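Next come the chains, spelled out residue by residue.
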Amino acid sequence: MEEKILKYKAKDITVKYDVKRCIHAAECVNGLPDVFNPKRKPWIKPELADADAVADVIEKCPTGALHYEMENSDRTESASSKNRILLQKDGPVYMFGDIEVQDHEGNTILEDTRFALCRCGASVNKPACDNSHKKFDFEAGTNADSSKLPAPENGESDKLIVKLMKNGPAILEGTYTVESGSMDPLTSDKGVALCRCGESATKPFCDGNHKEVGFKG
């Protein structure tokens, strides 16, 4: 997974922007249009608003493309109190919480509080979404089969580990809640496998079709 981080400095805050993880979710533009204006260069001007207001908006960025460093305050972003998996219609899986993404050998490739996992199979920056799902007719609903997520048995776990299988799904480890606008939240601590190839008939879960379609990731 590549990164390209640009920094925009003001007196009280530095905004860090990872171009490779931005999919134009527009939470920043809608939240503080004076600060975040894609029609202007530079498009981020943190000096145009209070530093805490800028930080509040940045923490709503679902992909983790935006982060901040306070210059005159000890404020830092904390992980949300529970790990959340938010299904996007015909798009990625947003993840919020104490997230650690690992490759198939167990090496940590990302630690963050926000992440957008590609589930169409076409991103050139896997496992991160890069909006490739918009380039073709990728379809994915926002429902999840509750039978695949039985109630948690092992108690609460602070960390959500996302383990990427070579040329296969992403295995979740830890306690998490799957949410969308079309179903009741489902909480589990089972090692469920999320589809990454885009071809599963049981989305968001893997059904083994990555082997049939020759998925690489």
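Residues numbered from 1 in each chain as written. Predicted model: local features only at pLDDT ≥ 70, side-chain atom pairs only at ≥ 80, totals over all residues. Heavy atoms only, no water.

### A word on the environment of Ala 79
- Tracing the backbone through its elements, the reader meets Ala 79 in the loop between β3 (66–70) and β4 (84–87).
- Among all residues touching Ala 79, those that are not within four sequence positions of it are Gly 97, Asp 98 and Thr 113. (Helix = DSSP H or I, 4+ residues; strand = E, 2+ residues; numbered from the N terminus. Contact = heavy atoms within 4.5 Å.)

### Description of the nonpolar core
- Membership of the largest hydrophobic core comes to 24 residues, with the highest contact counts inside it found for Ile 85, Met 95, Phe 115, Val 162, Leu 172, Tyr 176 and Val 178.
- Those elements that provide at least two residues to this core are β4, β5 (93–102), β6 (108–117), β7 (159–164), β8 (170–173), β9 (176–180) and β10 (183–188).
- Residue contributions to this core peak at four residues, all from β5.
- If you look at the next biggest cluster of nonpolar residues, it comprises 22 residues, including Leu 32, Phe 36, Trp 43 and Ala 55. (Core = buried A, V, L, I, M, F, W, Y, C linked by side-chain atoms within 4.5 Å. Buried < 20%, exposed > 50% of the residue type's maximum accessible area, 1.4 Å probe, protein only.)

### Digging into the packing of aromatic side chains
- All told, the structure shown has four aromatic pairs when counted by the stated rule.
- Consider the rings of Phe 36 and Trp 43, whose centres lie 5.9 Å apart with planes at 55°: the pair is tilted. One exposure class covers both Phe 36 and Trp 43, and it is buried.
- Taken together, a centroid distance of 6.4 Å and an interplanar angle of 70° make the contact between Tyr 94 and Phe 96 edge-to-face. Accessibility classification places Tyr 94 together with Phe 96 in one group, the buried group. (Phe/Tyr/Trp six-rings, centres within 6.5 Å; stacked < 30°, edge-to-face > 60°.)

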